[in-house]
Amino acid sequence: MPTGPGRLLAISDLHVRHDENKKVVDGLRPETEHDWLLLAGDVSESTVDFEDTLRLLSDRFAKVIWAPGNHELWTTAADPVQLRGQARYDHLVAICRRLGVITPEDPYPVWEGAGGPVAVAPLFLLYDYTFRPAGARTRQEAMDIAERAGVVCTDEFYLHPDPYPSRQAWSRARVAHTAARLAEIPDHLPTVLVNHYPLVREPTRVLRFPEFALWCGTEATEDWPVRFRAAAVVYGHLHIPRLIHQDGIPHHEVSLGYPREWKQRATAPAGAVRILAERT
Ligand SMILES: [Fe+2]
Ligand SMILES: [Fe+2]
C-alpha cells in the first residue's frame, strides 16, 4: 500500500443489514496506510453486525472514528443485546474500545495528514424536536402535524432514552456535555465535527417529508460550526448525500442509505467521501 500523506475519508448510513450494502462495505479500502475513516452512524441496529463491521474496517484503516446513529440505539426483539438507552450506548462504546475505534467518549484525535492539523470530534447529540414545521410552537403541535401527514420516525418505538425521561432530555444533556468538551479544544486548532444528524437545519429543507425534520437534529447546534472553528462538518441520517456550504464551511452528507435509494441515483455508490480535500 502506498505510504502517501493519508486522506481523511467519511461515510455513514451503511445499514449493513442489507446484503448489497454489505458488499459496498467489503469494497471500502484505504488508499494509503495513513487513511482515517469517519463513520457517522447507522452502521446497523444489530450489535453483532455493528461489531463485525467495525472490526473489518478498523483492521483496514489507520484509524476509525465513530459517531452513533439512531439505528445503533434501537433495541429490537431480534438483537441478542436487549440493553436500552444510555446502557446500550455504553455497550457500543465498549465494543469500539476493544477494537481501538474512537468514540465521542474519547479524547479528540488530531489529524495531521492532508488538510490538517485539525481536531476530529465525533459527536453524540441526538435530536430534540426543535426542527418544527412552520406554525408549530410546541413539540406536541409539531408531532400532531407530523402525525396528520402520516410521518412518524421508528425511533418512537425502538430508541429508548433510559434513564432520561425523554429523547429530548437525553439530547439536552448530550449537547451541554459536548459543548463543554469542544470548548476545551485549543483555539489554534480547527475542527472536523462528525455527527449523525446535520448540525444546522438547512440540509433538512430538501426532505421529501419535511415533517421528518423533527427527528433530524437540534437548533442548539446551529452556531457550532462557526463557534468551534469547523473546517468541515460531516453528517448523515437524511440519506441525501451532497455538499452544502454555510458560513463558508463545507457540510458533507456522506450517507450510503438503503439499496432502494442508492439504486435510483445516477451513479453507483462512490464509497467514502474525502474530507478537507480543498485544504490540501
Ligand atoms: Fe440511516
Ligand atoms: Fe439515522
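Look up: the structure comes first, before these words.
Quick caveat: nothing in here was measured; it's all calculated off a predicted structure. Residues take numbers from 1 onward in each chain, read along the sequence in its written order. Key to labels: chains lettered from A, ligands numbered from 1, both in the order written. For this predicted model, a pLDDT threshold of at least 70 governs which residues receive local features, and a threshold of 80 or more governs which side-chain atom pairs are given and counted, while totals over whole chains, interfaces and linings are taken from all residues. By convention in this description, side-chain values take in all heavy atoms of the structure and omit both hydrogens and water.

**Student:** Summarise the sheet that holds strand E4 (residues 110–111); cite the residues concerned and give the values.
**Tutor:** The mixed open sheet is built from six strands, whose spatial order is E4-E5-E6-E7-E9-E8. With partners counted over all chains shown, the strands left at the sheet margins are E4 and strand E8 (242–246), one partner each. Note: two strands are recorded as paired if DSSP finds a minimum of 2 bridges between them. Helical segments are the DSSP runs of H or I of at least four residues, strand segments are the runs of E of at least two, and each set is numbered from the N terminus. Bridge count for strand E7 (residues 230–235) against strand E9 (residues 249–253) is three bridges, and the pairing is parallel. In the strand pairing of E9, Val-233 is matched with His-251.

**Student:** Explain the coordination of the iron ion (ligand 2) to me, using residue names and the numbers behind them.
**Tutor:** Around a metal, the ideal angle is 109.5 degrees if four donors adopt a tetrahedral arrangement and 90 or 180 degrees if six donors adopt an octahedral arrangement. Metal donors were taken as nitrogen, oxygen and sulfur atoms no farther than 2.8 Å from the ion, or 3.2 Å where the ion is Na, K or Ca. Water is excluded, so coordination may look unfinished. Distances from the iron ion (ligand 2) to its protein donors, namely Asp-42 (OD), Asn-70 (OD1), His-196 (NE2) and His-237 (ND1), fall within the range 2.2 Å. When four donors show all angles between 85 and 135 degrees the site is tetrahedral, when four or six donors have opposite pairs over 155 degrees and all other angles between 65 and 115 it is square planar or octahedral respectively, and in every other case it is irregular. Classification of the site at the iron ion (ligand 2) as irregular follows from its four donor atoms and the range of 89 to 159° in their angles at the metal. In primary sequence terms, the donor set of the iron ion (ligand 2) follows D-x27-N-x125-H-x40-H. Between the iron ion (ligand 2) and the iron ion (ligand 1) the interatomic distance amounts to 3.5 Å, and Asp-42 serves as a bridging ligand to the pair.

**Student:** Explain the sheet that holds strand E10 (residues 273–275) to me, using residue names and the numbers behind them.
**Tutor:** Spatial ordering of the open sheet is given by E3-E2-E1-E10, a layout of four strands whose pairing is mixed. With partners counted over all chains shown, the strands left at the sheet margins are strand E3 (63–66) and E10, one partner each. Strand after strand, the sheet turns through a mean of 30° between neighbouring axes, direction not considered. Pairing of strand E1 (residues 8–11) with E10 involves three bridges; the strand directions are antiparallel. Along E10, the bridge assignment pairs Leu-9 with Arg-274. Between the N-to-C directions of two axes lies an angle of 0 to 180 degrees, each axis being a line fitted to C-alpha atoms and, for a helix, fitted only over the stretch in contact.

**Student:** Could you give an account of helix H6 (residues 167–183), with specific residues and numbers?
**Tutor:** Multiplying 1.5 Å by the residue count of a helix minus one yields the expected span of that helix. End to end, H6 covers 24 Å across 17 residues, agreeing with the expected 24 Å (1.5 Å per residue, within 8%). For every residue, the accessible area obtained with a 1.4 Å probe (protein chains only) is divided by the maximum for its type, and the residue is called buried under 20%, exposed over 50%, and partly exposed between those limits. Turning to H6, its buried residues number three or more, namely Arg-167, Gln-168, Ala-169, Trp-170, Ser-171, Arg-174, Val-175, Thr-178, Ala-179, Arg-181 and Leu-182. We call two residues contacting when some pair of their heavy atoms lies within 4.5 Å. Among the structural elements, helix H3 (85–99), strand E5 (118–122), helix H4 (139–148), helix H5 (155–158), strand E6 (191–194) and helix H7 (224–227) are those in contact with the buried residues of H6.

**Student:** Requested: an account of the coordination of the iron ion (ligand 1), with residues and values cited.
**Tutor:** The iron ion (ligand 1) binds to the protein through Asp-13 (OD), His-15 (NE2), Asp-42 (OD) and His-239 (NE2), with metal-donor distances spanning 2.0 to 2.2 Å. Relative to the metal, the four donor atoms surrounding the iron ion (ligand 1) lie at angles of 85 to 170°, and the coordination shape comes out irregular. Sequence spacing of the donor residues for the iron ion (ligand 1), all on one chain, is D-x1-H-x26-D-x196-H. The exposure class of His-239 is buried, given its relative accessible area of 11%.

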